[in-house]
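Chain residues, written in single-letter form:
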Amino acid sequence: MATTTVPLPLTPVPHSLPSQLKRIVLTGFMGAGKTTAGRRLAAALHWDFLDIDALLEERHGSTIADIFNTHGEDTFRRFESHAIAHALGHRNTVIALGGGAPEVLTNRLLLEQTPATAVVFLDAGFPALFDRCMLQPDAAVRPNLADPVAAEARFRARLPLYRRIARITVATEGKTPDETVITIQERLQNL
Ligand SMILES: Nc1ncnc2c1ncn2[C@@H]1O[C@H](COP(=O)(O)OP(=O)(O)O)[C@@H](O)[C@H]1O
Ligand SMILES: O=C(O)C1=C[C@@H](OP(=O)(O)O)[C@@H](O)[C@H](O)C1
Ligand SMILES: [Mg+2]
């Protein structure tokens, strides 16, 4: 008896990314959700996830706070730039930057000049960001959040930089991390 081959249905892919896209970089202030949403986005896409702070902690065998204490912020920024350059060499990878990365011109140029890379700014107001950080039970110590007045000044100074480097801005206030991830995917689809 003749048999017919019925093609198996494809598993539905809820969000397909533009095929040329090889990296998604999340930027935004401390508490924006870069680490949390980045990890979940990578899992949803079956991509790798690289968190620049985690890379630095692994490479230097110490916490971010210890790197700040031992070497100072300028040296931390140099280490951070090296880690970003390394991470941008990876494909099919979601990269979570630290909140201060766009302050450094080298980092902005690296992001701008790396092809097939979409930078996504996770946006929220300072009070919400500060509260999120305070509510994170096991969060690493963030040295640049120790003085709330100075932190808010940094937030204001950085806002135009986040906006300048990003292809997409996602408003995160009032969203859950999973809703943020879905919105990022929807926005990337329409790039
Ligand atoms: N819409 C949202 N998107 C992402 N994270 C959110 C959102 N709302 C609240 N959060 C919470 O805010 C915190 C963000 O922390 P984290 O991911 O470490 O931020 P970042 O890496 O940007 O400093 C987490 O505790 C997360 O659960
Ligand atoms: O904004 C900043 O200056 C910093 C943000 C932190 O990362 P997150 O934005 O992931 O908290 C971390 O890189 C370091 O504490 C400095
Ligand atoms: Mg983070």
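Everything numeric here is computed off the predicted structure, so don't read it as measured data. (Residues numbered from 1 in each chain as written. Chains lettered and ligands numbered in written order. Predicted model: local features only at pLDDT ≥ 70, side-chain atom pairs only at ≥ 80, totals over all residues.)

So, the site of ligand 1
(1) Moving on: Around ligand 1, the surrounding shell holds 18 residues, and the nearest of these are Gly33, Lys34, Thr35, Thr36 and Arg132.
(2) Moving on: Broken down by secondary-structure element, the contributors of at least two residues to the shell around ligand 1 are α1 (34-45) and α8 (177-189).
(3) Moving on: Sorting elements by how many residues they give to the shell around ligand 1 places α1 first, with four residues.
(4) Moving on: Among the residues forming the shell around ligand 1, the class breakdown is five nonpolar, 10 polar and three charged. (Near = placed C-beta within 6 Å. Helix = DSSP H or I, 4+ residues; strand = E, 2+ residues; numbered from the N terminus. Nonpolar A, V, L, I, M, F, W, Y, C, P; charged D, E, K, R; others polar.)

As for the nonpolar core
(1) Moving on: Within the largest apolar cluster, 34 residues are counted, with the highest numbers of intra-cluster contacts made by Val25, Leu26, Leu41, Ile52, Ile95, Leu97 and Val120.
(2) Moving on: If you list the elements that add at least two residues to this core, you get β1 (23-27), α1, α4 (73-87), β3 (93-96), β4 (117-123) and α8. (Core = buried A, V, L, I, M, F, W, Y, C linked by C-beta atoms within 7 Å. Buried ≥ 20, exposed ≤ 12 C-beta atoms within 10 Å, placed from the backbone.)

What to know about the sheet that holds β3
(1) Moving on: If you walk across this open sheet you meet the five strands as β2-β3-β1-β4-β5, and the pairing is parallel. If you trace the sheet from one side to the other, it starts and ends with β2 (48-51) and β5 (168-171), each paired once. This sheet shows a mean twist of 20 degrees between the axes of neighbouring strands, independent of strand direction.
(2) Moving on: Summarising the sheet, β1 and β3 pair through four bridges and their orientation is parallel. When the sheet's bridge partners are listed, Val25 is paired in β3 with Ile95.
(3) Moving on: On top of the sheet, helix α2 (residues 52-60) reaches β2 and β3; it is set at about 70 degrees to β2, its chief contact.
(4) Moving on: Sitting on the sheet, α8 is in contact with β1, β4 and β5, with an inclination near 150 degrees to β5. (Pairing = 2+ DSSP bridges. Axes fitted to C-alpha atoms, helices over the stretch in contact; angles between N-to-C directions. Contact = placed C-beta atoms within 7 Å.)

A closer look at the packing of α1 against α8
(1) Moving on: At a minimum axis separation of 9 Å, α1 and α8 run at an interaxial angle of 60 degrees. Here α1 lies oblique to α8, going by the angle between them. With respect to the hand of their crossing, α1 and α8 are arranged in right-handed fashion. On α8, the residues that touch Thr36, Ala37, Arg40, Leu41 and Ala44 of α1 are Pro177, Asp178, Thr180, Val181, Ile184 and Gln185.
(2) Moving on: Across the contact of α1 with α8, the residue classes tally to six nonpolar, three polar and two charged. (Parallel < 35°, antiparallel > 145°, perpendicular 65-115°, else oblique. Left-handed = near helix turned anticlockwise from the far one by under 90°.)

Some points on the UniProt feature "binding site: Mg(2+)" (unreviewed entry) in the protein
(1) Moving on: Residues annotated by UniProt as "binding site: Mg(2+)" (unreviewed entry) correspond here to Thr35.
(2) Moving on: Tracing the backbone shows Thr35 in helix α1.
(3) Moving on: Overall, Thr35 belongs to the buried group, with 21 C-beta atoms counted inside 10 Å.
(4) Moving on: Contact partners of Thr35, with chain neighbours within four places excluded, come to Asp51 and Ala96. (UniProt positions renumbered as here; feature names shortened; annotations may be inferred.)

Notes on unusual backbone geometry
(1) Moving on: Its identity is not glycine, yet Asn92 carries a phi of approximately 50 degrees, on the positive side.
(2) Moving on: Secondary-structure assignment places Asn92 in the loop between α4 and β3.
(3) Moving on: According to the C-beta neighbour criterion, Asn92 is partly exposed, with 14 such atoms within 10 Å.
(4) Moving on: Phi at Ala116 takes a positive value of approximately 60 degrees, unusual for a residue other than glycine.
(5) Moving on: Relative to the assigned elements, Ala116 resides in the loop between α5 (105-113) and β4.
(6) Moving on: Overall, the presence of 11 C-beta atoms within 10 Å leaves Ala116 in the exposed class.

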